[in-house]
Amino acid sequence: MKRILVGIKRVVDYNVRIRVKPDGSGVVTDGVKMSINPFDEIALEEAIRIKEKGGAEAKEMEIVVVTIGPPDTQQQLRTALAMGADRALLVESATPIEALDAAKVFLKIIEKEQPFLVILGKQAIDDDNNQTGQMLAALWNRPQATFASKVELNGDKASVTREVDAGLETLEVDLPAVVTTDLRLNEPRYVKLPDIMKAKKKPLETLALTALGVAPRQRVKAVKFEPPPQRQKGVMVKSAQELAEALKKKGLVA
């Protein structure tokens, strides 16, 4: 069976206003709404669309969604199943793991599932690392196409359009490959109640991190969290000349 592997991450919902803990040790997550990382949701939507375009071959295609996290992360996996994934896999980890260890976990899953395509969000909105996809491609020794705004499959190749400083760049990569998604790739579908009910019957497997032979290691330590400074009140000026003089007083222009 042809498989597409999609990695997702559980993050604080993007509509929630982030609050830093009083001691500066992290952000408040107790009682806070958690969701699928938006870029990962786009990755899953693209996998579903690829399957839907498969026609007769779609019956022989399977979408496997994988995440790493605590048992509560099953909620996001069920949402992914409701969106259209066929099977879910939770690799349990009580503590957050870094990008390299996440890539190693995904590599172990790839060795087991043998997907022809791996799609990940380009970054997570909690740490903005933008590293896991690239590290996974290097460990897997397969091509990568990052920041995808368009994906087209043609046999054993994929054509990926990505935005660069000079405009649009189109890459053709051999499959299997790793693709990371940008915001402009698609708009994820809304999950309906009947789909949520159907998702409860779809398989969700749980694995211990140690069972995969991956020993996470802390390489970077966050020593302090601080909220951004409050925005200063603006000043109204009546003319361009007054604006120029105000900027000169602040030393912003010569």
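The shown structure was predicted, so the numbers you read here are calculated from the model rather than taken from an experiment. (Residues numbered from 1 in each chain as written. Predicted model: local features only at pLDDT ≥ 70, side-chain atom pairs only at ≥ 80, totals over all residues. Heavy atoms only, no water.)

Sorry, what's going on with the pattern of salt bridges here?
Pairing is possible between side chains that carry opposite charge, provided their charged atoms lie close to one another. Inspection of every chain in the model, using the stated rule, returns 20 salt bridges. Linking Asp127 and Lys9 is a salt bridge whose minimum nitrogen-to-oxygen distance equals 3.0 Å. With a gap of 118 residues between them, Asp127 in the loop between strand S6 (117–121) and helix H4 (132–140) and Lys9 in the loop between strand S1 (2–7) and strand S2 (10–12) connect regions that are remote in the sequence. A relative accessible area of 34% places Asp127 in the partly exposed class. We note a salt bridge from Lys51 to Asp86, for which the minimum N-O separation is 2.9 Å. Of this pair, Lys51 sits in helix H1 (residues 38–52) while Asp86 sits in the loop between helix H2 (74–83) and strand S5 (87–92); the two residues are 35 residues apart in sequence, bridging distant segments of the chain. Among the residues examined, Asp86 registers a relative accessible area of 23% and is labelled partly exposed. Several salt bridges share partner residues, and in doing so they unite Arg3, Glu62, Arg87 and Glu113 into one network. (Salt bridge = Lys/Arg side-chain N within 4 Å of Asp/Glu carboxyl O. Helix = DSSP H or I, 4+ residues; strand = E, 2+ residues; numbered from the N terminus. Buried < 20%, exposed > 50% of the residue type's maximum accessible area, 1.4 Å probe, protein only.)

I keep staring at the packing of aromatic side chains and nothing clicks. Help me out?
Note on aromatic pairs: each is described by the distance of the centres and the angle between the planes. One pass over the structure, following the stated rule, counts zero aromatic pairs. Seen from the ring of Phe116, Lys2 lies directly overhead, with NZ or CZ sitting 4.7 Å from the centre. (Phe/Tyr/Trp six-rings, centres within 6.5 Å; stacked < 30°, edge-to-face > 60°. Lys NZ or Arg CZ within 6 Å of the ring centre and 35° of its normal.)

Would you mind going over unusual backbone geometry with me for this structure?
Glycine aside, the phi torsion of most residues is negative, and most peptide linkages are trans. Between Leu175 and Pro176 the backbone carries a cis peptide bond, its omega angle lying at 5°. Along the chain, Pro176 falls in the loop between strand S9 (167–174) and strand S10 (177–181). Phi is positive for Gln114, which is not a glycine, with a value near 55°. With respect to the secondary-structure elements, Gln114 resides in the loop between helix H3 (99–113) and S6. Under the relative-accessibility criterion, Gln114 is labelled exposed at 56%. Its identity as a non-glycine residue notwithstanding, Asp128 has a phi of 55°, on the positive side. By the secondary structure assignment, Asp128 is in the loop between S6 and H4.

Functional significance is not addressed by these values, which are geometric in nature.
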